[in-house]
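What follows is the residue order along each chain.
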Amino acid sequence: MNIAVLSDIHGNVTAFKQVLDYLKNREIDAFCILGDYSGEFAGVRETLDMIYALQDRYPVHIIKGNKEEYLMLGLGGNHPEWDEYPSTVGMLRYAYDNMRKRDWEFIKNLPETLTVEYEGMESLFLCHGSPKEVKGKLLQGSKKNKEYLEGVKEKYVLCGHTHRYVEFEDCGKKIINPGAVGNPLDDGRHDHTSFVILSSVGREWEAEHIYLKQNVDAMVKNMMSYNLHRIAPYWTACNEAFFRGSLFSNGEILDRAMQITEEETGSCEWPAIPEKAWEKAFREMIVGQFPLVYDKMMVKLV
Ligand SMILES: [Fe+2]
């Protein structure tokens, strides 16, 4: 038996299609999908439509991620007081505005964690970040793993959220993170898509990790065709820079922009991060450190 394990699509429908096309030529019996269906890319509806279509053809074991939690909390909703922070809230708003009734019902009903059982096989425990927190991180060598894994009975724990592929053992569990379909953080592989196929070997599961190279120009063109560089200017520019080889993720540049805001105003509370602070962080971390990356970019500072 073979199970495809995918996580963190983040609306990158180009990468998601590429993965599903690849899997057509593999014998796949079921899917596990570990959350975060929207984020940096425009394909919110398309991603969900592709998941609905998958559900018609396969058993799909699926949970929510922190992005779905943000949407349910209304972070992309009606907050006119946030209008001046498009780089921070633009993509949340975009996802929120593009969700249809069916999509809201769907994400509302997604569980946070799930146990998957197949006869004669070790059970699988699914979570987005960690078994206890949707934004927790199961990391190799982390002291927090013990706390996170306490009470989990299943031997195999499948998680995502870090956007880094990893497999390790801790507290008697085998932890498998397939990395991200949408935007992997694995060193030197930002322009790839990452996922895992689990195959049964006796009662156990063996993971095959797969990277496929993405077409970065096509992805950026797609982002531009949906005006993402206007909807979430620096967020989108950071995303493009990352795919083109910068070392900093959107989250890291956001952290720096928050730090700059705090240095300049004495405090910073999300999402009140002025575009000026984003610009400063972007210039420092991308234009300053990776001028060649910036030269290659199609999205420019606005
Ligand atoms: Fe996540």
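Residues numbered from 1 in each chain as written. Predicted model: local features only at pLDDT ≥ 70, side-chain atom pairs only at ≥ 80, totals over all residues.

**Let's talk about the overall build of the chain**
Logical step 1: The secondary structure content of the chain amounts to 12 helices and 10 strands.
Logical step 2: Expected size for 302 residues packed as a compact globule is a radius of gyration near 19 Å; at 19 Å, the chain falls within 12% of this value.
Logical step 3: Projected onto its principal axes, the C-alpha coordinates of the chain cover approximately 60 × 40 × 40 Å.
Logical step 4: Within the chain, the fraction of its 302 residues that count as buried is 42%.
Logical step 5: Contacts in the chain between residues far apart in sequence, at least 24 positions, make up 67% of those at least 6 positions apart. (Helix = DSSP H or I, 4+ residues; strand = E, 2+ residues; numbered from the N terminus. Rg over C-alpha atoms; globule rule 2.2 N^0.38 Å. Buried ≥ 20, exposed ≤ 12 C-beta atoms within 10 Å, placed from the backbone. Contact = placed C-beta atoms within 7 Å.)

**Topic: the sheet that holds strand 9 (residues 192–201)**
Hydrogen bonds between backbone atoms are what pair the strands of a sheet, whose relative direction is either parallel or antiparallel.
Logical step 1: Read across the sheet, five strands follow the order 3-2-1-9-10 without closing on themselves; strand pairing throughout is mixed. Edge positions in the sheet fall to strand 3 (60–62) and strand 10 (204–213), since each has one partner strand and no second. Strand-to-strand, the axes of this sheet are offset by a mean angle of 20 degrees, without reference to chain direction.
Logical step 2: Sheet topology places strand 1 (residues 2–6) next to strand 2 (residues 30–33); four bridges connect them, and they run parallel. Paired with Ile-3 across the two strands is Ala-30, which belongs to strand 2.
Logical step 3: The sheet strands contacting helix 1 (residues 13–24) are strand 1, strand 9 and strand 10, and the helix crosses strand 9 at an angle near 35 degrees. (Pairing = 2+ DSSP bridges. Axes fitted to C-alpha atoms, helices over the stretch in contact; angles between N-to-C directions.)

**Regarding the sheet that holds strand 6 (residues 156–158)**
Logical step 1: Spatially, 4-5-6-8-7 is the arrangement adopted by the five strands of the open sheet, whose pairing is mixed. Of all the strands in the sheet, just strand 4 (113–116) and strand 7 (165–170) have a single pairing partner and so form its edges. Averaged over all adjacent pairs, the angle separating strand axes in this sheet is 20 degrees, with direction ignored.

**With respect to the domain arrangement of the chain**
Logical step 1: Per the domain assignment, the segments of the chain are domain 1 (2–213) and domain 2 (219–296).
Logical step 2: On the domain 2 side, the residues contacting the 18 residues of domain 1 number 22 residues.
Logical step 3: The element that contributes the greatest number of residues to the side of domain 1 that touches domain 2 is helix 4 (residues 86–98), accounting for seven residues.
Logical step 4: Of the residues that constitute the side of domain 1 that touches domain 2, the class distribution is nine nonpolar, seven polar and two charged. (Domains from an automatic or database assignment. Nonpolar A, V, L, I, M, F, W, Y, C, P; charged D, E, K, R; others polar.)

**Details of the environment of Phe-106**
Logical step 1: For Phe-106, the position within the fold is in helix 5 (residues 101–108).
Logical step 2: A C-alpha to C-alpha distance of 41 Å links Phe-106 and Asp-295, two positions 189 residues apart in sequence.

**Here's the deal with the environment of Arg-164**
Logical step 1: Position of Arg-164 among the secondary structure elements: in the loop between strand 6 and strand 7.
Logical step 2: The exposure class of Arg-164 is partly exposed, given the 19 C-beta atoms found within 10 Å.
Logical step 3: Residues Arg-164 and Ser-194 lie 30 residues apart in sequence; the distance between their C-alpha atoms is 8.5 Å.
Logical step 4: Dropping the residues within four chain positions of it, Arg-164 is found in contact with Asn-177, Gly-179, Leu-185 and Asp-186.

**Looking at the pairing of strand 5 (residues 124–127)**
Logical step 1: Burial of the side chains of strand 5 extends over both faces: Leu-124 and Leu-126 are buried on one face and Phe-125 and Cys-127 on the other.
Logical step 2: Of the strand pairs in this sheet, strand 4 and strand 5 are connected by four bridges, and their pairing is antiparallel. Pairing of Val-116 across the sheet is with Leu-124, part of strand 5.
Logical step 3: A crossover connection joins strand 5 to the parallel strand 6 through helix 6 (residues 144–149); in handedness this β-α-β unit is right-handed. (Right-handed = clockwise from strand over helix to strand, strands pointing away.)

**Observations concerning unusual backbone geometry**
Logical step 1: Residues Trp-270 and Pro-271 are joined by a peptide bond in cis, for which omega reads 0 degrees.
Logical step 2: By the element assignment, Pro-271 lies in the loop between helix 10 (250–265) and helix 11 (275–288).
Logical step 3: For Asp-8, which is not glycine, the phi torsion reads 50 degrees and is therefore positive.
Logical step 4: Secondary-structure assignment places Asp-8 in the loop between strand 1 and helix 1.
Logical step 5: At His-163, a position not held by glycine, the phi torsion is positive, near 65 degrees.
Logical step 6: As for its position among the elements, His-163 is in the loop between strand 6 and strand 7.
Logical step 7: Classification of His-163 as buried rests on a count of 22 C-beta atoms within 10 Å.

**Some thoughts on the nonpolar core**
The nonpolar side chains of a soluble globular protein tend to be buried with one another.
Logical step 1: In this structure, Val-5, Leu-6, Cys-32, Val-157, Leu-158 and Ala-257 are the most contacted members of the largest nonpolar core, which totals 72 residues.
Logical step 2: Ranked by residues supplied to this core, first place goes to helix 9 (residues 233–243) with seven residues.
Logical step 3: Discounting residues that sit within four places of it in the chain, Val-5 has contacts with Cys-32, Leu-158, Pro-178, Phe-195, Val-196 and Leu-198. (Core = buried A, V, L, I, M, F, W, Y, C linked by C-beta atoms within 7 Å.)

**Re helix 1**
Logical step 1: Its 12 residues place the ends of helix 1 16 Å apart at the C-alpha level, agreeing with the 16 Å of an ideal helix rising 1.5 Å per residue.
Logical step 2: All of the buried residues along helix 1 are Val-13, Thr-14, Ala-15, Phe-16 and Val-19.
Logical step 3: Close packing links the buried residues of helix 1 with strand 1, helix 2 (44–57), strand 9, strand 10 and helix 7 (216–225). (Expected span 1.5 Å × (residues − 1).)

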